[in-house]
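Chain and residue survey
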Amino acid sequence: MQKKLNQRTHDLKVHQTLGLVTVVPLCAAVIVSSGAKQKHNKTTGLIIEPSSGAIDLHAALGASTAALYGFTAYYAIAAPRIPGVKPKGAIKWHRDLVWIHAPGMVLTPILGGLALSQENSGEKVHGIASAHSYVAWTTVGAYGASIIAVSWPIHLKFWEK
Amino acid sequence: MRLAVALFLAAVAPIGLHAQSQWVLTQSTLTWHVVHPMHEVDGTSHEAKGKGNCSAGACDFLIAVQLKTFDSGDSNRDLHMIQTVRGGQFPMVIVRTHLAQSALESGVIDADLEVEFAGQTAHYSHVPLHRVAHGNDIQITGTVPATCSDFKIDRPSFLAVPIRNEIPVTVDTTWRPM
């Protein structure tokens, strides 16, 4: 039993560390996303294409995020279950939010790829690919909420104690 | 004749006070308290078992509680607590104390506690326990000034900052004579 508990703690610590590391490329991908977007000149109506460097950077950061997310998820799934223990409290929120950010982590790069191929074809991004940023933001929101859920309640004025 | 009876009662009264008696724990609330710069958490159990035996003017009390009965409101944290304190190998916390029977009559009991926890045994001297009588029952409250180092517990950390070494356990118990 103790061995199982030790293994569980080890796996969940790796899960926690990787989960926090994943935040770095995730935030970076969000920050550089505006540079990787097709823009429209409102006066001329012309489409302004993003630079290939900006697209590559955004794609690389997105891919890194997805890969790290995959490793993070692996350690949560691999952690041994303890029989008779039902998830309760903040951990339940943390687990339930997976149903939002996990599909989001899969869909976001797919939609991004679709959007990129439409841009490369000289088309305006349309159809399901236009949902790329909405899906991405929903994923970011759910992922952030998931981190906050397991960290709550946070004593913000920690320097006072 | 009345004087003789009075003298007899006076003579046997100390014997009566030191008579053999047993106590059973009827209600309990044990709460550990953990402090981290970003968190303060309590875990509570109401499922302690306990008994007390008094004879020859001395009492021995024992309280035992299973670690898995502590609830901090988060099942993940509770499992982590059990892992950290080696609960897979040592699933119980056992507290013992030896008191003079007369100490049970005072409002504040000066207790020496022996605590078995996480495979270690620690002693806490002069722990003040407050006693309040409720009819036949007596309520005993107090705080065991436990620390992680007393039990060789590696302090869990969050964002690389460990919890405080102090993990006081507040005790609120109600005992009934058997």
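The numbering scheme is per chain: residues are counted from 1 as the chain's sequence reads. Written order decides the labels, with chains lettered from A and ligands numbered from 1. Side-chain atom pairs in this predicted model are given and counted only at pLDDT of 80 or more, local residue features only at pLDDT of at least 70, and totals for whole chains, interfaces and linings cover all residues. Calculated side-chain values reflect all of the structure's heavy atoms, with hydrogen atoms and water omitted.

**Digging into the overall build of chain B**
Let me state the cut-off plainly: Secondary structure follows DSSP: runs of H or I at least 4 residues long count as helices, runs of E at least 2 residues long count as strands, and numbering of each begins at the N terminus. Relative accessibility decides the category of a residue: with a 1.4 Å probe and only protein chains considered, values under 20% of the type maximum give buried, values over 50% give exposed, and everything between is partly exposed. Two residues qualify as a contact provided that any one of their heavy atoms is within 4.5 Å of a heavy atom in the partner residue.
Along the backbone of chain B there are 2 helices and 11 strands. When the helices and strands of chain B are listed from N to C terminus, the series reads α-β-β-β-β-α-β-β-β-β-β-β-β. A buried classification covers 42% of the 178 residues belonging to chain B. Restricting the contact set of chain B to residue pairs at least 6 apart, pairs at least 24 apart contribute 59%.

**A few points about the interface of chain B and chain A**
The test is simple: For any pair of parts, buried area is found by adding up, for both, the accessible area (1.4 Å probe) each one loses once the two are put together. Salt bridge, as used here, is a side-chain nitrogen of Lys or Arg placed within 4 Å of a carboxyl oxygen of Asp or Glu. What qualifies as a polar contact is a pair of N or O atoms within 3.5 Å, subject to a donor-acceptor requirement within protein and to the restriction that residues adjacent in sequence count only when both atoms come from side chains.
Residue-level contacts link 21 residues of chain B with 25 residues of chain A. Together chain B and chain A conceal approximately 1,900 Å² of surface at their shared face, both sides included; 54% is due to carbon and sulfur atoms. Counting the surface chain B buries against chain A, the share from its top three residues, B:M38, B:L79 and B:Q83, is 27%. Here chain B is connected to chain A by 1 salt bridge. A salt bridge links A:K88 to B:D71; the nearest nitrogen and oxygen atoms lie 2.3 Å apart. In this assembly, chain B and chain A are joined by 12 residue pairs in polar contact (both at pLDDT 80 or more). Elements that contribute at least two residues to the side of chain B that touches chain A include exactly β2 (39-45) and α2 (75-84) of chain B.

**Things to note about the confidence of the model for chain A**
Where we set the bar: Each residue carries a pLDDT score, the predictor's own confidence in it, on a scale running from 0 to 100.
The predicted model of chain A averages 88 in pLDDT, with 95% of residues at 70 or higher. For chain A, strand β2 (residues 47-48) of chain A is the element with the lowest average pLDDT, namely 72, and helix α1 (residues 2-32) of chain A is the one with the highest, namely 94.

**Some details on the packing of α1(A) against α2(B)**
The following threshold applies: Fitting a line to C-alpha atoms yields each axis, with helices limited to the stretch in contact; the angle taken between N-to-C directions then spans 0 to 180 degrees. The cut-offs work like this: below 35 degrees is roughly parallel, past 145 is roughly antiparallel, 65 to 115 is roughly perpendicular, and the gaps in between are oblique. Left-handed describes a crossing in which the near helix is turned anticlockwise from the far one by less than a right angle; the clockwise case is right-handed. In the scheme used here, Gly and all other residues not listed as nonpolar or charged are polar, with Ala, Val, Leu, Ile, Met, Phe, Trp, Tyr, Cys and Pro taken as nonpolar and Asp, Glu, Lys and Arg as charged.
Running from N to C, α1(A) and α2(B) point in directions that differ by 125°, and their axes come no closer than 9 Å. On the basis of their axis angle, the class for α1(A) and α2(B) is oblique. The element α1(A) and its partner α2(B) pack so that their crossing is left-handed. Every residue of α2(B) that contacts α1(A) at A:Q2, A:L5, A:N6, A:R8, A:T9, A:L12 and A:K13 is listed here: B:N76, B:L79, B:H80, B:I82 and B:Q83. Among the residues making up the contact of α1(A) with α2(B), the classes are represented as 4 nonpolar, 6 polar and 2 charged.

**Brief notes about the environment of B:L67**
All names here are of chain B. Residue placement: L67 occurs in the loop between β4 (58-66) and α2. Taking the relative accessible area as the measure of exposure, L67 reaches 3% and is therefore buried. In contact with L67, other than residues within four places in its own chain, are M81, I82, V85, G87, F90, P91, V93 and F117.

**Topic: the packing of helix α2 (residues 52-78) of chain A against helix α4 (residues 98-120) of chain A**
All names here are of chain A. At their nearest, the axes of α2 and α4 sit 10 Å apart, and the two run at 155° to each other. Taken together, the axes of α2 and α4 are roughly antiparallel relative to one another. The interaxial crossing formed by α2 with α4 has left-handed handedness. Contacts from I55, T65, A66 and Y69 of α2 reach α4 at H101, A102, M105, L116 and E119. Residues that form the contact of α2 with α4 fall into these classes: 6 nonpolar, 2 polar and 1 charged.

**Quick word on α4(A)**
All names here are of chain A. Keep this limit in mind: Expected helix span is given by 1.5 Å per residue-to-residue step, counting one fewer step than there are residues.
Taking 1.5 Å of rise per residue, 23 residues should cover 33 Å, and α4 covers 33 Å from first to last C-alpha, within 8% of that figure. Buried residues of α4: H101, G104, M105, T108, L111, G112, A115, Q118 and E119, and no others. Of the surrounding secondary structure, the elements contacted by the buried residues of α4 are α1, α2 and α5 (132-151). Positive phi shows up at G122, right after α4, with a value of about 75°.

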